[in-house]
Amino acid sequence: MNTPIHRPVANAEAAAPAPRGLGSTLVLGLGTFAVGTDAYVVAGFLPGMASSLHVSEGTAGQSATAFAITYAVLSPVLATVLARVPRRALLVGALAVLAAANLGSALAPDFATLMVSRVVAASGAAAFTPNAGAVAASLVAPAQRARALAVVVGGLTVATALGVPLGSLAARALTWHAALALVAALCAVAAAGVLAAMPALPGAPRIPLRRRLAALRSPGVVAVLPLTVLGMAAGYGLYAYAVPVLRALGAGERAVPWLLFLYGAGAVAGNLVAGTRVDRHGPLRVQAVGYTALTVTLALLTLASAAHTSWLPVAAVLMVAWGATTWFQTPAQQVRLINAAPQETAVVVGLNASALYAGIGLGTVLGGALLPRGATAALGTCTALAAVCLLHLLLTRRR
């Protein structure tokens, strides 16, 4: 089950050039950094945006839900419709849509307009991220796939390390409108970088949507995929509301950007270590350790919130652990799915991306509903979800 992936695949990878080193995937990591900054930056200035648009923090957080749900629904649809578009043109075009949508968000005069712009931004992200993952897997040798995927996902995790706290600082120094305008500029720079450095790759054979969804009939895929939804709901559910959670932990306003940075630093480390360990030890052992650590971390956050601790070092350590134990998941999950359906690599990577954002959407809905009852109740619920993840892994480990 945990054997390396050495089988040929009948999809776009068949037309890929000879394997390159991991350096060839760095430009794709830059693109996912732009996407991740777009997706997560709202967490850094949620209170200010809510106040400016005259809505509650829970309502403002649903802009992240709209982004995530739109991504989850559109990802397989766009993968089908845009399959034959050359990969470089597709990736650059998707980043251009993101840039325009973020500019629209920056200029939004009300919450309804903001929500529309977030839906448009999600369509760009849905076109970019799965294709970036599939292209990265095709550019390297099979033994390096987990690490290549970790580089691509690493762009998302670096965005949580740098994009969110920098967005928070930009919103404090300027406004949240200016912060989103800077995100639009970042997406444009990433588009230029991909255009300049990405090798020319043809489009893939068009895979009908029915066939993409047919992968869900595979027992292994059906067993593994729900863990992506559950894991992201548990780990990410309250991140969109990280500022209110940090207040419950006793963090002052000046400490918030640095604590968000520590979360992101943990996320980067967790993702990169997981990619290396999966290649060496297989995905199941990595996931077992990771979900155990996630459960413990969330339980400690719950206790710290209930105790109303104001000791900043405790919050700092817990934020690093929260980031690491949330973002260790993706390389292992994608390798498990590719092992379960080796002839459908591009399809299952895309389905996993949809499931990831569905989990984020579910988590933000849950967080928005629970946060009015207090951070302790919300964190306790996420802890229970993390424990369910570990149970699900144990029940499906032989799939």
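Not measured: the values here are computed from a predicted model.

J.: What should I look at first to understand the overall build of the protein chain in this one?
T.: Each helix and strand counted, the protein chain has 16 helices and 0 strands in total. The C-alpha extent of the protein chain, read off along each of the three principal axes, is 55 × 45 × 35 Å. Looking at the protein chain residue by residue over its 399 residues, the buried ones come to 58%. Sequence-distant contacts in the protein chain: of pairs separated by 6 or more residues, those separated by 24 or more amount to 89%.

J.: Can you walk me through the nonpolar core in this structure?
T.: Inside soluble globular proteins, nonpolar side chains tend to come together where they are buried. Among the nonpolar cores identified, the biggest contains 114 residues, and Leu28, Tyr40, Phe45, Met49, Leu95, Tyr239 and Tyr357 are the most heavily contacted of them. Counting residues in hydrophobic clusters, the runner-up holds 13 residues, among them Val221, Val224, Leu337 and Leu351.

J.: What is the right way to read a nonpolar patch on the surface from this model?
T.: A grouping of Val77, Val81, Leu209, Leu213, Leu216 and Val222 is seen on the molecular surface, where their side chains present a nonpolar patch of about 430 Å² in accessible area. Listing elements by their share of the nonpolar patch, those giving two or more residues are α3 (57–81) and α8 (209–214). You can see Val77 is positioned in helix α3.

J.: I'm lost on the pattern of salt bridges in this one. Help?
T.: Two side chains bearing opposite charge may form a pair once their charged atoms approach each other closely. This model, assessed by the stated rule, comprises 2 salt bridges. Between Arg118 and Asp38 there is a salt bridge whose closest N-O contact spans 2.7 Å. Taken together, the residues span a long stretch of sequence, with Arg118 in helix α5 (residues 111–139) and Asp38 in helix α1 (residues 26–40) at a distance of 80 residues. Using a relative accessible area of 0% as the deciding quantity, one classes Asp38 as buried.

J.: Quick question: what am I supposed to make of α3 here?
T.: For an α-helix, 3.6 residues make a turn, and residues three or four places apart therefore share a direction. Compared with an ideal rise of 1.5 Å per residue, which puts 25 residues at 36 Å, α3 spans 36 Å between its outermost C-alpha atoms and is within 8% of the ideal. The largest bend in α3 comes to about 40°, at Leu74, with the proline Pro76 one to four residues further on.

J.: Teacher, can you tell me more about the packing of aromatic side chains here?
T.: Within the structure shown, the criterion is met by 8 aromatic pairs. Residues Tyr239 and Tyr263 carry aromatic rings whose centres are separated by 4.1 Å and whose planes lie at 15° to one another, so their mutual orientation is stacked. Of this pair, Tyr239 sits in the loop between α9 (219–236) and α10 (242–248) while Tyr263 sits in helix α11 (residues 256–281), placing them 24 residues apart in sequence. Residue classification places Tyr239 among the buried residues on the basis of a relative accessible area of 0%. Given the relative accessible area of 0%, Tyr263 is considered buried. Ring geometry for Tyr239 against Trp322: centres 6.3 Å apart, planes inclined by 80°, an arrangement best described as edge-to-face. You can see Tyr239 sitting in the loop between α9 and α10 and its partner Trp322 sitting in helix α13 (residues 312–327), a full 83 residues away along the chain. Residue Tyr239 shares its accessibility class with Trp322, and that shared class is buried. The rings of Tyr236, Tyr239, Tyr263 and Trp322 are connected pair by pair, giving a single aromatic cluster.

J.: Whenever I open this one, the confidence of the model for the protein chain confuses me. Can you help?
T.: Should pLDDT be low for a region, the predicted coordinates there are not to be read in detail. This prediction gives the protein chain a mean pLDDT of 82; 91% of its residues lie at or above 70. pLDDT under 50 marks residues 1–16. Its contacts with residues more than four places away, or in other chains, come to 41 contacts.

J.: Can you walk me through the environment of His392 in this structure?
T.: Turning to its location among the elements, His392 is positioned in helix α16 (residues 375–396). Sequence separation of His392 and Ala223 is 169 residues, and the distance between their C-alpha atoms is 8.8 Å. Each residue touching His392, except ones within four places of it in the same chain, is listed here: Ala223, Pro226, Leu227 and Leu230.

J.: Help me understand unusual backbone geometry, please; the structure alone is not making it clear to me.
T.: Trans is the common state for peptide bonds, and a negative phi is the common state for residues other than glycine. Of note, His54 is a non-glycine position whose phi angle comes to about 60°, a positive value. Position of His54 relative to the elements: it lies in the loop between α2 (42–53) and α3. The class for His54 is exposed, based on a relative accessible area of 73%.

J.: Would you mind showing me how to read the side chain of Gln329 here?
T.: Position of Gln329 among the secondary structure elements: in helix α14 (residues 329–340). Residue classification places Gln329 among the buried positions, given a relative accessible area of 2%. Engagement of the side chain of Gln329 in a polar contact is seen with the backbone oxygen of Thr326, the distance being 2.8 Å. Not counting the four nearest positions on each side in its chain, Gln329 is found in contact with Leu227, Gly231, Met232, Tyr291 and Leu294.

J.: Looking at this model, I keep getting lost on the packing of α1 against helix α4 (residues 87–106). Mind explaining?
T.: Packed helices, taken two at a time, are described by the angle between their axes plus the distance between the axes. Running from amino to carboxyl end, α1 crosses α4 at an angle of 25°, the nearest separation of the two axes being 11 Å. Taken together, the axis directions place α1 and α4 in an arrangement best described as roughly parallel. The handedness of the crossing between α1 and α4 is left-handed. Of the residues in α4, those in contact with Leu28, Gly31, Ala34, Val35 and Asp38 of α1 are Leu91, Leu95, Leu98 and Asn102. By residue class, the composition of the contact of α1 with α4 is 6 nonpolar, 2 polar and 1 charged.

J.: In this structure, what is going on with the side chain of Thr330? I would like to understand it.
T.: Its location among the elements puts Thr330 in helix α14. We classify Thr330 as buried; its relative accessible area is 6%. With near-sequence residues (within four places) excluded, Thr330 lies in contact with Val153, Asn352 and Leu356.

J.: Help me out: how do you make sense of the packing of α1 against helix α7 (residues 176–197) in this one?
T.: Direction vectors running N to C along α1 and α7 enclose 165°, while the axes themselves pass 9 Å from each other. Relative to α7, α1 is oriented roughly antiparallel. Considering how the two elements wind past one another, α1 and α7 form a crossing that is left-handed. Contacts from Val27, Leu30, Gly31, Phe33, Ala34, Thr37 and Asp38 of α1 reach α7 at Val183, Leu186, Cys187, Ala190, Gly193, Val194 and Ala197.

Calculation rules
Residues numbered from 1 in each chain as written. Predicted model: local features only at pLDDT ≥ 70, side-chain atom pairs only at ≥ 80, totals over all residues. Heavy atoms only, no water. Helix = DSSP H or I, 4+ residues; strand = E, 2+ residues; numbered from the N terminus. Buried < 20%, exposed > 50% of the residue type's maximum accessible area, 1.4 Å probe, protein only. Contact = heavy atoms within 4.5 Å. Core = buried A, V, L, I, M, F, W, Y, C linked by side-chain atoms within 4.5 Å. Patch = residues over 30% accessible without salt bridge, like charges linked within 9 Å, V, L, I, M, F, W, Y side chains within 5 Å. Areas by Shrake-Rupley, 256 points an atom, 1.4 Å probe, with all protein chains shown as cover. Salt bridge = Lys/Arg side-chain N within 4 Å of Asp/Glu carboxyl O. Expected span 1.5 Å × (residues − 1). Bend = angle between axes of the 7 residues up to and from the residue. Phe/Tyr/Trp six-rings, centres within 6.5 Å; stacked < 30°, edge-to-face > 60°. pLDDT = per-residue confidence, 0-100. Polar contact = N/O pair within 3.5 Å; in protein donor to acceptor, adjacent residues only side chain to side chain. Axes fitted to C-alpha atoms, helices over the stretch in contact; angles between N-to-C directions. Parallel < 35°, antiparallel > 145°, perpendicular 65-115°, else oblique. Left-handed = near helix turned anticlockwise from the far one by under 90°. Nonpolar A, V, L, I, M, F, W, Y, C, P; charged D, E, K, R; others polar.

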